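Overview (structure and organization)
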Amino acid sequence: MAPRGRTLLLPLAAATILIASTIFLFAAAGARWRPADTGLPVPPHAFSAAVPVPVPVTSNTTTSARKELSFLDENGDPDDPASASASGAARCDPAVRVFMYDMPPEFHFGLLGWSPPSPGFVWPDLSTPPPRYPGGLNQQHSVEYWLTLDLLLSSSSSAPCGAAVRVADSRDADLVFVPFFASLSYNRHSRPVPPEKVARNKALQEQLVRYLTTRPEWKRYGGADHVIVAHHPNSLLYARAPLSPAVFVLSDFGRYHPRVASLEKDVIAPYKHMAKTFVNDSAGFDDRPTLLYFRGAIYRKQGGSIRQELYYMLKDEKDVYFSFGSVQDHGASKASQGMHSSKFCLNIAGDTPSSNRLFDAIVSHCVPVIISDDIELPYEDVLDYSKFSIFVRSSDAVKKGYLMSLISGVSKQQWTRMWRRLKEVDKHFEYQYPSQKDDAVQMIWQALSRRAPAIKLKVHRSSRFSRSDRGHK
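The rules behind each value
- In every chain, residue numbers begin from 1 and rise along the written sequence.
- Only residues with pLDDT of at least 70 are given local features in this predicted model, and only at 80 or more are side-chain atom pairs given and counted; all residues enter the totals for whole chains, interfaces and linings.
- Side-chain metrics in this entry use all non-hydrogen atoms of the structure; hydrogen atoms and water are not considered.
- Runs of E in the DSSP output that reach at least two residues are strands. Runs of H or I that reach at least four are helices, and both are numbered from the N terminus.
- Burial classification: accessible surface area is computed with a 1.4 Å probe over protein chains only, and a residue below 20% of its type maximum counts as buried, one above 50% as exposed, and the rest as partly exposed.
- Only the protein chains shown count as cover for residues, with accessible areas throughout obtained via the Shrake-Rupley method and a probe of 1.4 Å.
- Throughout this description, the term nonpolar core refers to a set of buried Ala, Val, Leu, Ile, Met, Phe, Trp, Tyr and Cys residues connected via side-chain atoms within 4.5 Å.
- Here a residue-residue contact requires only that any non-hydrogen atoms of the pair lie within 4.5 Å.
- Two strands are counted as paired when DSSP detects at least two bridges linking them.
- Throughout, an axis means a line fitted to C-alpha atoms (over the contacting stretch in the case of helices), and angles, computed between N-to-C directions, take values from 0 to 180 degrees.
- Should an angle fall under 35 degrees it is called roughly parallel, over 145 degrees roughly antiparallel, and 65 to 115 degrees roughly perpendicular, with every other angle called oblique.
- For this classification, Asp, Glu, Lys and Arg are treated as charged, while Ala, Val, Leu, Ile, Met, Phe, Trp, Tyr, Cys and Pro are nonpolar and the rest, including Gly, are polar.
- Pairing of aromatic rings covers Phe, Tyr and Trp, the last through its six-membered ring, and needs centres within 6.5 Å; plane angles under 30 degrees mean stacked, over 60 mean edge-to-face, and all others mean tilted.
- A ring has a charge above it when a Lys NZ or an Arg CZ is no more than 6 Å from the ring centre and no more than 35 degrees off the ring normal.
- For salt bridges, the criterion is a side-chain nitrogen of Lys or Arg within 4 Å of an Asp or Glu carboxyl oxygen.
- Here, the term disulfide refers to a pair of cysteine sulfur atoms separated by no more than 2.5 Å.

**Concerning the overall build of the chain**
- Scanning the chain from N- to C-terminus turns up 15 helices and eleven strands.
- Put simply, the chain has 473 residues, and 46% of those count as buried.
- Total accessible area on the chain stands at roughly 25,300 Å², and carbon and sulfur atoms take up 55% of it.

Here's what the structure looks like:
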């Protein structure tokens, strides 16, 4: 090779050796390198699998499985379900983590006549059967009772894995639950009992507002992450406005101002049905002789006036049962029998857009015919009611012959598809203790968990300038 060629190769070779040496040095030190200038932990899989990140072996790790690193949450704690489980906060993968106030018994089980065995006790001992909720129509609005029991049970070491788990620190929670039995308070204590000058129901609500608005948990986000159950349409009447930043669990919005409650902020929960669930139902199309069924109050005020119109329109139609009924004359039992033997069951708006009748029909596997223009339905973001119900506009329902023509036009095959779907979804409307997978209790928790991201977005956006605002005061 010419002398000039050799002269050109010598610098090239030297540069190659220098580059190779640099690569070797970085590879040797790779396992010890960390982005110290950020102060943040290293996200999982940030490095190649060829450069492992050593993790100390503890009682919760094995040599064959390494604990992945994770980012910190907004409180500066590891955002890791495994770390939560170490403190008993999550043994499975709950949909939502809930902090519940240890409020005085007068707000919850004290309304059922329960008294704590000593002043230090707030909750009943769940190693024995819990205090029973009163029967009759009281039960249909008992939602807060079932949710409270579910949270209490989730705290025990033997609790089954559910949709919600109670946590001891509100900073670890997605939501804060307020255990006030608002519907029971309304049903039992709406009128003053001498020598009372103020009804107990109103007094409890005034105490509730004072209790919550002075708590640091409420002040942190202005109550936006709090959950309050007020399922009876007349419950929480005096506390609605001051507590309106909270998420309400309601039966409908019929008696709420749009600025106080809305579908964007709140959650609709089903009534506890009064009819017996049709277990092992084999009563198909040909086994249900009644075409269309309604039993209940006919003369209603406000939006329920349509019931009277439909009564006079349908009462003489063939294969239609349309009659007055009430709980006093064994109405629940008679309605249950009637629904079990009917193909379609009318759910007509009453004093409010919703009623327990819809959920009685669902567990009776009687295809609901819903005539209520303003009704909102539980978990409708994940459950398509049109697969097992028929919706009719009020303006169409009162047209002569319209409703009977519509119902009679449903074929046996179409009805059977809806009937089968009813048998699949009826579990979502069962309140149970302990709760079971995807029953009403767990479906409500799941619905609330879907509100949590929007709540966090709202509070984070509202906190953007909080630091700079404090600095200029």
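**Thoughts on the nonpolar core**
- Core analysis: the largest hydrophobic core is formed by 107 residues, its most contacted members being Phe344, Leu346, Leu403 and Trp445.
- Those residues within four positions of Leu403 in sequence are excluded, and the remaining contacts are Leu292, Leu310, Leu314, Leu346, Val369, Ile371, Val392 and Ala397.

**Considerations on the sheet that holds strand β2 (residues 164–166)**
- Reading across the sheet, the six strands line up as β2-β1-β3-β4-β5-β6 and stay open at both edges, with parallel pairing between neighbours. The strands lining the two open edges of the sheet, one partner per strand, are β2 and β6 (267–268).
- Where strand β1 (residues 96–100) lies against β2, three bridges are found, and the strand directions are parallel. Along β2, the bridge assignment pairs Val98 with Arg166.
- The strands touched by helix α13 (residues 440–449) within the sheet are β1, β2, β3 (175–178), β4 (226–229), β5 (247–250) and β6, with β1 carrying the most contacts at an inclination of about 100 degrees.

**Regarding the packing of helix α4 (residues 182–189) against helix α5 (residues 200–213)**
- At a minimum axis distance of 8 Å, the contact between α4 and α5 shows a crossing angle of 150 degrees. When the axes of α4 and α5 are compared, the pair comes out roughly antiparallel. In this structure, α4 uses Ala182, Ser185, Tyr186 and His189 to contact α5, whose residues at the interface are Arg200, Asn201 and Leu204.
- Residue composition of the contact of α4 with α5, grouped by class: three nonpolar, three polar and one charged.

**A look at the packing of aromatic side chains**
- Considering all chains together, one arrives at 23 aromatic pairs under this definition.
- Taking the centre distance of 5.1 Å and the plane angle of 45 degrees together, the rings of Tyr385 and Phe388 count as tilted.
- For Tyr385, a relative accessible area of 1% puts it in the buried group.
- Among the aromatic residues, those joined into a ring-pair cluster are Phe109, Trp123, Tyr133, Tyr145, Trp146, Phe181 and Tyr431.
- One Lys or Arg, Lys265, reaches over the ring of Phe248 and ends 4.4 Å from the middle of that ring.
- Positioned above the aromatic ring of Trp419, the side-chain terminus of Lys423 is 3.8 Å from the ring centre.

**Some thoughts on the packing of helix α3 (residues 143–154) against α13**
- Viewed as axis vectors pointing N to C, α3 and α13 meet at an angle of 85 degrees, and their least axial separation amounts to 10 Å. One finds that α3 runs roughly perpendicular with respect to α13. On the side of α3, the interface is formed by Val143, Trp146, Leu147, Asp150 and Leu151, while α13 contributes Val441, Ile444 and Trp445.
- Taken together, the residues that form the contact of α3 with α13 break down as seven nonpolar, no polar and one charged.

**Details of the pattern of salt bridges**
- In the structure shown here, the tally under the stated rule is 14 salt bridges.
- Residues Arg288 and Asp281 are paired through a salt bridge, measuring 3.0 Å at the closest nitrogen-oxygen approach.
- A residue is classified by how much of its surface remains accessible, and Arg288, at 0% relative accessible area, is buried.
- Each of Arg97, Asp174 and Lys456 takes part in one network of salt bridges that share partners.

**Some thoughts on the state of the cysteines**
- Enumeration according to the criterion identifies one disulfide in this entry.
- The residue that forms a disulfide with Cys345 is Cys366, at a sulfur-sulfur distance of 2.1 Å. Here the disulfide of Cys345 and Cys366 is right-handed, its torsion about the S-S bond being about 105 degrees. Taken together, the positions of Cys345 in strand β9 (residues 342–348) and Cys366 in the loop between α9 (357–363) and β10 (367–371) put the pair 21 residues apart, joining distant regions of the chain. Cys366 carries the same exposure label as Cys345, and that label is buried.

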